[in-house]
Amino acid sequence: MCATYSKKGKRKCINAGCNYDFTANDKCWSCNEGKDKQECNSMSCVWKKVNTYGNMCTPCAAITERFKCRKVGCAYSKNKGCTSCVTKTKEKKCNKHKGCQWSEGKCFMDA
């Protein structure tokens, strides 16, 4: 589903609970593709326990509580809620969020 948002723009991609990579030809991807915690985090997604499925890779947007959002390494803002660090395109905004770190010209989740 997320791949269909690649041509529709970053806002629609992110609002659908997907991640948008600003450096990879505007690619929109699903976090569900992550098979383990390391792969999930490398995609700027969260490995968490989901009641009906066990552990799985989910987007930061699936986390509703501010404290939990920051605890797992996502960025939280009052306007947008919990978002992936990869959505922060400026170093200053990236480093402002606990759990995010600027490296190689891009914002990543703090590992």
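Residues numbered from 1 in each chain as written. Predicted model: local features only at pLDDT ≥ 70, side-chain atom pairs only at ≥ 80, totals over all residues. Heavy atoms only, no water.

### A look at the nonpolar core
The tendency in soluble globular proteins is for nonpolar side chains to be buried side by side.
Then step 1. Among the nonpolar cores identified, the biggest contains 13 residues, and Val46, Cys69, Cys74, Cys82 and Cys100 are the most heavily contacted of them.
Then step 2. Only strand S5 (75–77) and strand S8 (106–109) provide two or more residues apiece to this core.
Then step 3. Ignoring any residue separated from it by four or fewer positions in sequence, one finds cysteine 74 in contact with Val46, Cys60, Cys69, Cys82, Thr83, Cys85, Lys98, Cys100 and Met109. (Core = buried A, V, L, I, M, F, W, Y, C linked by side-chain atoms within 4.5 Å. Buried < 20%, exposed > 50% of the residue type's maximum accessible area, 1.4 Å probe, protein only. Helix = DSSP H or I, 4+ residues; strand = E, 2+ residues; numbered from the N terminus. Contact = heavy atoms within 4.5 Å.)

### Looking at the confidence of the model for the chain
Then step 1. Taken as a whole, the chain shows an average pLDDT of 80; of its residues, 94% reach a score of 70 or greater.
Then step 2. When pLDDT is averaged over each element of the chain, helix H4 (residues 91–96) comes out on top at 88 and strand S1 (residues 19–21) at the bottom at 73. (pLDDT = per-residue confidence, 0-100.)

### Considerations on unusual backbone geometry
Then step 1. At glutamate 104, a position not held by glycine, the phi torsion is positive, near 55 degrees.
Then step 2. Relative to the helices and strands, glutamate 104 resides in the loop between strand S7 (100–103) and S8.

### Topic: the state of the cysteines
Between two cysteines, a covalent bond joining their sulfur atoms is known as a disulfide.
Then step 1. The final tally for this structure, using the stated rule, is six disulfides.
Then step 2. Covalent S-S linkage joins cysteine 69 and cysteine 82, the inter-sulfur distance amounting to 2.2 Å. Where cysteine 69 bonds to cysteine 82 through sulfur, the torsion about that S-S bond is close to 90 degrees, and the disulfide is right-handed. Of the two residues, cysteine 69 sits in helix H3 (residues 66–71) while cysteine 82 sits in strand S6 (residues 81–83), which places them 13 residues apart along the sequence. Cysteine 82 carries the same exposure label as cysteine 69, and that label is buried.
Then step 3. Covalent S-S linkage joins cysteine 94 and cysteine 107, the inter-sulfur distance amounting to 2.1 Å. Residues cysteine 94 and cysteine 107 share a disulfide whose torsion about the S-S bond is about 80 degrees; that sign makes it right-handed. Of this pair, cysteine 94 sits in helix H4 while cysteine 107 sits in strand S8; the two residues are 13 residues apart in sequence, bridging distant segments of the chain. (Disulfide = S-S within 2.5 Å.)

### Re the environment of glycine 9
Then step 1. Examined against the element boundaries, glycine 9 turns out to sit in the segment before helix H1 (10–15).
Then step 2. On the basis of relative accessible area, glycine 9 is assigned to the partly exposed category, the value being 22%.
Then step 3. When the C-alpha positions of glycine 9 and tyrosine 20 are compared, they lie 8.6 Å apart, and in sequence the two are eleven residues distant.

### So, the layout of surface pockets
Then step 1. Its volume calculated, the largest pocket comes out at about 440 Å³.
Then step 2. Along its surface, the largest pocket is lined by 19 residues, and Ser77, Lys80, Lys88, Lys93 and His97 are the ones closest to its centre.
Then step 3. Those elements giving two or more residues to the lining of the largest pocket turn out to be H1, H3, S5 and H4.
Then step 4. Tallying contributions element by element places H1 first for the lining of the largest pocket, with three residues.
Then step 5. Residues that form the lining of the largest pocket fall into these classes: three nonpolar, six polar and ten charged. (1 Å grid on protein atoms, 1.4 Å probe; cavity = no way out; pocket = protein on both sides within 12 Å on 5 of 7 lines; lining within 4 Å. Points joined across faces, edges and corners; volume = space filled by probe spheres on them. Nonpolar A, V, L, I, M, F, W, Y, C, P; charged D, E, K, R; others polar.)

### Notes on the pairing of S8
Then step 1. In this structure, S7 lies alongside S8, joined through four bridges in antiparallel fashion. Across the sheet, the residue bridging to serine 103 is lysine 106, located in S8.
Then step 2. Where S7 folds back on S8, the antiparallel hairpin that results is connected by two residues, among which glutamate 104 adopts a positive phi of roughly 55 degrees. (Pairing = 2+ DSSP bridges.)

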